[in-house]
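In case you want the letters, here they are:
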Amino acid sequence: MKTRMPALFAAGALALSLTACGGDAPEKEPAGEAAEEPKESSGGGILELLSSLGDNTKDVDNYTLDISMAMPDPDLGELDVTMTYEVMDDPEVAQITMVMPFMGEMLLELAQLGGGNPDLTAEELSTSIFIVPTEGESLVSNHNGLYEVDTPWARGVDDADGMAPDEMFDTRDLPEIAGAFASIDQIEEKGTEEVSGVGTTLVEGTMTSEDIDDLTPEQKRAVDGMLDGLEGSVDVSLWIADNGFPMRMDFSDDEADISLVFSAIGETSFEIPGEDEITDL
């Protein structure tokens, strides 16, 4: 009964390890969002909420998504990873903040063993920030001084294009994922809760590898992309708004816990650096 590290977190781990070592950078936006004009549910129950999920995610292009994961690693022990995606629609650009505490602690220890005494904390070393436009090159924050530039941001980091958003979490997969969850035999309503200021209905169920084998090819591809393959079973919790959008999605098994939480829908905004704040590498 084991869920392997999802592709989005495997990619994130590689991204930060490269950046923290002064090498590459990466990343981009992913995610989904609630519709700006929520449609009232007609009271069709859980299956209606699930089946309407995809219809409300197609045109949403402004949101914040917080992703967190905890899972064991045979070499590094328990890993905790968090990523925050702030996605704007005008201009079309995303800011990604990734924090991997274990990486910061490891880099700090390596520096000290080498006789160095970096003027950085483990938290600073564990944090990477990227700004990724829909068109154009990505920017990497130099807040921790890991790049040899005199500006707060660097542009032209190698392999930045290797972290495309659709390789990490693609909103276009949500309709298929919703259809997959709607087909779970044992799924039930657990009550109502508020997520990011939005009232939701909590539904829970269990998806097994056999369930995935019975999905349509499109649904199977979407679920496999999120879970990076499934062995055994995974517990699924969805907090669904009245308009059918999943404000929160949790997945867990005996080893891993993954959580995706949406907020600031239609209200996400951040400052884009000016050219005088950027150095081209």
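As shown above, the structure is provided for reference.
Note that this is a predicted model, so its numbers are computed, not measured.

A.B. asks: Any chance you could explain the overall build of the protein here in plain terms?
C.D. replies: The number of helices and strands found in the protein is seven helices and 14 strands. Classification of the 281 residues of the protein by burial places 51% in the buried group. Sequence separation of at least 24 residues holds for 66% of the intrachain contacts in the protein that already meet a minimum separation of 6. Carbon and sulfur atoms make up 45% of the accessible area of the protein, which totals about 13,200 Å².

A.B. asks: How should the environment of Val198 be read in this particular structure?
C.D. replies: Along the chain, Val198 turns up in strand E9 (residues 198–208). Take Val198: its relative accessible area is 27%, and that puts it in the partly exposed class. Leave out the neighbours within four places in its chain, and Val198 touches Glu193, Ala241 and Met247.

A.B. asks: Please clarify how a nonpolar patch on the surface should be interpreted in this entry.
C.D. replies: A contiguous nonpolar surface patch, about 310 Å² in accessible area, is contributed by Met106, Leu110 and Leu113. In this fold, Met106 is placed in helix H3 (residues 101–113). When its relative accessible area of 31% is taken as the criterion, Met106 is described as partly exposed.

A.B. asks: Please clarify how the packing of aromatic side chains should be interpreted in this entry.
C.D. replies: Remark: the centre distance and the inter-plane angle together describe each pair of aromatic rings, the angle taken between the planes. The full count for this structure, using the stated rule, is two aromatic pairs. Seen in terms of ring centroids, Phe245 and Phe262 are 5.0 Å apart; in terms of plane orientation they differ by 70°. Their pairing is edge-to-face. With a gap of 17 residues between them, Phe245 in the loop between strand E11 (233–241) and strand E12 (246–252) and Phe262 in strand E13 (residues 257–263) connect regions that are remote in the sequence. Overall, the relative accessible area of 0% leaves Phe245 in the buried class. The class for Phe262 is buried, based on a relative accessible area of 0%. Ring pairs connect the aromatic residues Tyr63, Phe245 and Phe262, which therefore count as one cluster. Over the ring of Trp239 we find Arg248, and its NZ or CZ is 4.4 Å from the ring centre.

A.B. asks: Explain the nonpolar core here, please?
C.D. replies: Nonpolar side chains in soluble globular proteins tend to end up buried together. Within the largest apolar cluster, 52 residues are counted, with the highest numbers of intra-cluster contacts made by Phe181, Met207 and Phe251. Top element by residues in this core is E11. It accounts for six residues.

A.B. asks: When you look at the environment of Phe130 in this model, what are you seeing that I'm missing?
C.D. replies: Here Phe130 shows up in strand E5 (residues 127–133). For the pair formed by Phe130 and Thr97, sequence separation is 33 residues and the distance between their alpha carbons is 6.6 Å.

A.B. asks: Any chance you could explain helix H7 (residues 217–227) here in plain terms?
C.D. replies: A turn of α-helix holds 3.6 residues, and therefore any two residues three or four places apart point the same way. Every buried residue of H7 is accounted for by Gln219, Ala222, Val223, Met226 and Leu227. Around the axis of H7, the buried residues are gathered within 120° of arc, so they sit on the same side.

A.B. asks: Got a minute to help me understand the pattern of salt bridges in this structure?
C.D. replies: Pairs can form between side chains of opposite charge whenever their charged atoms are close. Summed over the entire model, instances satisfying the criterion amount to four salt bridges. One connected set of salt bridges, linked through shared partners, spans Arg155, Glu275 and Asp280.

A.B. asks: Teacher, can you tell me more about the side chain of Arg155 here?
C.D. replies: Positionally, Arg155 belongs in strand E7 (residues 153–155). Sequence-distant contacts of Arg155, that is, excluding residues within four places in its chain, are made with Glu137, Ser138, Leu139, Glu275, Ile278, Thr279, Asp280 and Leu281.

A.B. asks: Got a minute to help me understand the side chain of Ser209 in this structure?
C.D. replies: Mapping Ser209 onto the fold places it in helix H6 (residues 209–213). The exposure class assigned to Ser209 is buried, which follows from its relative accessible area of 19%.

A.B. asks: Sorry, what's going on with a negative patch on the surface here?
C.D. replies: A cluster of acidic residues, Asp61, Asp89, Asp90, Glu92 and Glu135, forms a negative patch at the surface. Residue placement: Glu92 occurs in strand E4 (residues 92–99).

Rules used throughout
- Residues numbered from 1 in each chain as written.
- Predicted model: local features only at pLDDT ≥ 70, side-chain atom pairs only at ≥ 80, totals over all residues.
- Heavy atoms only, no water.
- Helix = DSSP H or I, 4+ residues; strand = E, 2+ residues; numbered from the N terminus.
- Buried < 20%, exposed > 50% of the residue type's maximum accessible area, 1.4 Å probe, protein only.
- Contact = heavy atoms within 4.5 Å.
- Areas by Shrake-Rupley, 256 points an atom, 1.4 Å probe, with all protein chains shown as cover.
- Patch = residues over 30% accessible without salt bridge, like charges linked within 9 Å, V, L, I, M, F, W, Y side chains within 5 Å.
- Salt bridge = Lys/Arg side-chain N within 4 Å of Asp/Glu carboxyl O.
- Phe/Tyr/Trp six-rings, centres within 6.5 Å; stacked < 30°, edge-to-face > 60°.
- Lys NZ or Arg CZ within 6 Å of the ring centre and 35° of its normal.
- Core = buried A, V, L, I, M, F, W, Y, C linked by side-chain atoms within 4.5 Å.
- Arc of directions from axis to C-beta.
- Lys, Arg positive; Asp, Glu negative; His and termini not counted.
- Charge placed at Lys NZ, Arg CZ, Asp CG, Glu CD.

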